[in-house]
Number of protein chains: 2
Amino acid sequence: MVKPVSLDMGSPCTHSPVSRRRGPALEKAIFDATLCELSDVGYTGLTMEGVASRAQTGKAALYRRWSNKDDLIVDALDAELRSKVDAQPDTGAVRDDILELMRAMAAFLASPAGSAMHTIMNECVHQRVPVEPESPELMIKRRVIEPRRQMLFEALRRGVQRGEVRPDAVSERVVEVGPALVFSSYIAHGGPVQDAELVAIVDEVLVPLVRA
Amino acid sequence: MVKPVSLDMGSPCTHSPVSRRRGPALEKAIFDATLCELSDVGYTGLTMEGVASRAQTGKAALYRRWSNKDDLIVDALDAELRSKVDAQPDTGAVRDDILELMRAMAAFLASPAGSAMHTIMNECVHQRVPVEPESPELMIKRRVIEPRRQMLFEALRRGVQRGEVRPDAVSERVVEVGPALVFSSYIAHGGPVQDAELVAIVDEVLVPLVRA
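Scope of this entry: the structure provided in the associated data block. Being a predicted model, the structure only gives us computed values, none of them experimental.

### Some words on helix 4 (residues 69-82) of chain A
- Here helix 4 of chain A is 14 residues long and its end C-alpha atoms lie 20 Å apart, about the 20 Å a rise of 1.5 Å per residue gives.
- Those residues of helix 4 of chain A that sit buried are A:D70, A:L72, A:I73, A:V74, A:A76, A:L77, A:D78, A:E80 and A:L81.

Take a look at the structure:
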């Protein structure tokens, strides 16, 4: 059972005096600063200078390792996502499996990585950067969106086996409904999606949509 | 029957030499420039200077009428929205009514005003500007989102009267599904939503979700 997560979103983005760091500590400070900059100034506005300043380090420290901002963003997201591997829920009921997946998605959206993801995906609509194999946009699709879609598919397939779900509900567009509604609620209310809203999305929309 | 709209999105955002304009012609140039700037540099990046430069006029011409960018954006959106009043569809079948509404939404999203709206709503999630009575964000909610939601409600209510729609499908969250999926497709593909996609959203998701 995934519990609703209460996130203190401000904390990683606050400045505090730092002593000299190196190795993993410096890297973590740079990654945190990258995600915070994405949230605050967006993908277009993000610069190596801005990240260095927020991480309280020099530009040289960044350029020693990353030749441009895309490489840096990809590594920062990668590090953040490694710590967030969700497991396939298996409660025995499609309703509860789906609810767990929606809760995990809402918690992710409320995290610095989720906020960064939102920024990147939205700016790419208008100012579509060339999508290269290692672009932040493609990485998000591969590492965040696609695995979660597959878990929803699997939850529905198990529901079909149990006779809870109509077989033709196992489709691309049906799978998209839950994430689209959670995202829509996140945009409309401008912040973390409340648990009562997630429950309502599941019980008023998703269960009626898929039930046999 | 609303036909899928083919929009030349580039045209209003191109520069061409202009002679001296005044009154409505100048105003239109300024409004077009405002929407284009929103698309290109975002809400945060938009400045009075940037709009003036794109409209090929002076800053003084802008400040004579608008004291800040929010006032300008509100007026630009207002002018654009006046020309886009959709009527309540009434085909006699809930499926076709909903499809028309989805097509109107997709056409709006593909227009300069839709692109501007998307930019404002998304940036407001992270950099939430104070929502004042005349804020661009509130105007979009009142003038764009809410009227369209009401038309979807009305289409469903008529469907209930005809026995096509289950009465408890006339709910806030069910009404949100179509717009959320169209928006999600717009983000995922980074451009206008194809008509085949709209038809599939209606036939694979919305009709199964609401049918009696």
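### Overview of the nonpolar core
- Membership of the largest hydrophobic core comes to 123 residues, with the highest contact counts inside it found for A:M102, A:V177, A:V182, B:M102, B:V177 and B:V182.
- The contacts of B:V182, once residues within four sequence positions are left out, are B:M102, B:M105, B:A106, B:L109, B:V193, B:L198 and B:I201.

### Describing the packing of helix 1 (residues 23-45) of chain A against helix 4 of chain A
Residue and element names in this part refer to chain A.
- Where helix 1 meets helix 4, the closest approach of the two axes is 9 Å, and the angle between their N-to-C directions is 120°. Put simply, helix 1 runs oblique to helix 4. The handedness of the crossing between helix 1 and helix 4 comes out as left-handed. Here I30, F31, T34, L35, L38, Y43 and T44 of helix 1 come into contact with helix 4, specifically with K69, D70, L72, I73, D75, A76, L77, A79 and E80.
- In the contact of helix 1 with helix 4, the residues fall into 10 nonpolar, two polar and four charged.

### Observations regarding the packing of aromatic side chains
Residues and elements named next belong to chain A.
- In the structure shown here, the tally under the stated rule is four aromatic pairs over all chains.
- Taking 6.1 Å as the distance between ring centres and 35° as the angle between the ring planes, the aromatic pair formed by F183 and Y186 counts as tilted. Taken together, the residues span about one helical turn, with F183 and Y186 both in helix 8 (residues 172-189) at a distance of three residues. As far as the burial class goes, F183 and Y186 line up, both buried.

### Things to note about unusual backbone geometry
- The backbone of A:Q56 shows a phi angle near 55°, a positive value even though the residue is not glycine.
- Considering the arrangement of structural elements, one finds A:Q56 in the loop between helix 2 (48-54) and helix 3 (59-63).

### Here we look at the packing of helix 5 (residues 94-109) of chain B against helix 9 (residues 195-210) of chain B
Residue and element names in this part refer to chain B.
- In contact at an axis separation of 10 Å, helix 5 and helix 9 are set at 135° when each is read in the N-to-C sense. Judged on the interaxial angle alone, helix 9 and helix 5 are oblique. Like other packed secondary-structure pairs, helix 5 and helix 9 cross with a definite hand, here right-handed. Where helix 5 approaches helix 9, its residues R95, I98, L99, M102, R103 and A106 are matched on the opposing element by D195, L198, V199, V202, D203, L206 and V207.
- A breakdown of the residues in the contact of helix 5 with helix 9 according to their chemical character gives nine nonpolar, no polar and four charged.

### Thoughts on the interface of chain B and chain A
- If you look at the interface, chain B gives 35 residues, while chain A gives 35 residues.
- For the pairing of chain B and chain A, the buried interface totals around 2800 Å² over both sides, and the portion due to carbon and sulfur atoms is 54%.
- Summed over the shared surface of chain B and chain A, the number is four salt bridges.
- Seen at the junction of chain B and chain A, the total is six residue pairs in polar contact (both at pLDDT 80 or more).
- At the level of elements, helix 1 (23-45), helix 6 (112-126), helix 8 (172-189) and helix 9 of chain B are the ones that each hand at least two residues to the side of chain B that touches chain A.
- Residues belonging to the side of chain B that touches chain A are distributed by class as follows: 16 nonpolar, 11 polar and eight charged.

### Quick word on the relation of the copies chain B and chain A
- Mapping chain B onto chain A calls for a rotation angle of 180° and an axial translation of 0.0 Å; the resulting RMSD is 0.0 Å. Both copies are brought into coincidence by an operation consistent with a two-fold rotation axis.
- Most of the interface of chain B is mirrored in chain A, where 100% of its interface residues again form contacts.

### Concerning the side chain of B:S185
- Among the structural elements, B:S185 can be located in helix 8.
- Excluding anything up to four places from it in sequence, B:S185 contacts B:G190, B:V193 and B:E197.

### Re the pattern of salt bridges
Residue and element names in this part refer to chain A.
- Within this structure, the stated rule accounts for 37 salt bridges over all chains.
- A salt bridge links D203 to R95; the shortest N-O distance between them is 2.9 Å. With D203 in helix 9 (residues 195-210) and R95 in helix 5 (residues 94-110), this residue pair connects regions lying 108 residues apart in the sequence.
- For D168, the salt bridge identified is with R166, shortest N-O distance 3.0 Å.
- Assessed through its relative accessible area of 55%, D168 is described here as exposed.
- Classification of R166 by relative accessible area gives buried; the value is 13%.
- Taken together, the salt bridges that share partners define one network made up of D90, E154, R157 and R158.

Each value, and the rule that gives it
- Residues numbered from 1 in each chain as written.
- Chains lettered and ligands numbered in written order.
- Predicted model: local features only at pLDDT ≥ 70, side-chain atom pairs only at ≥ 80, totals over all residues.
- Heavy atoms only, no water.
- Helix = DSSP H or I, 4+ residues; strand = E, 2+ residues; numbered from the N terminus.
- Expected span 1.5 Å × (residues − 1).
- Buried < 20%, exposed > 50% of the residue type's maximum accessible area, 1.4 Å probe, protein only.
- Core = buried A, V, L, I, M, F, W, Y, C linked by side-chain atoms within 4.5 Å.
- Contact = heavy atoms within 4.5 Å.
- Axes fitted to C-alpha atoms, helices over the stretch in contact; angles between N-to-C directions.
- Parallel < 35°, antiparallel > 145°, perpendicular 65-115°, else oblique.
- Left-handed = near helix turned anticlockwise from the far one by under 90°.
- Nonpolar A, V, L, I, M, F, W, Y, C, P; charged D, E, K, R; others polar.
- Phe/Tyr/Trp six-rings, centres within 6.5 Å; stacked < 30°, edge-to-face > 60°.
- Buried area = accessible area lost by both parts, 1.4 Å probe.
- Salt bridge = Lys/Arg side-chain N within 4 Å of Asp/Glu carboxyl O.
- Polar contact = N/O pair within 3.5 Å; in protein donor to acceptor, adjacent residues only side chain to side chain.
- Least-squares fit on C-alpha atoms with pLDDT ≥ 70 in both.

Keep in mind these values describe shape, not function.
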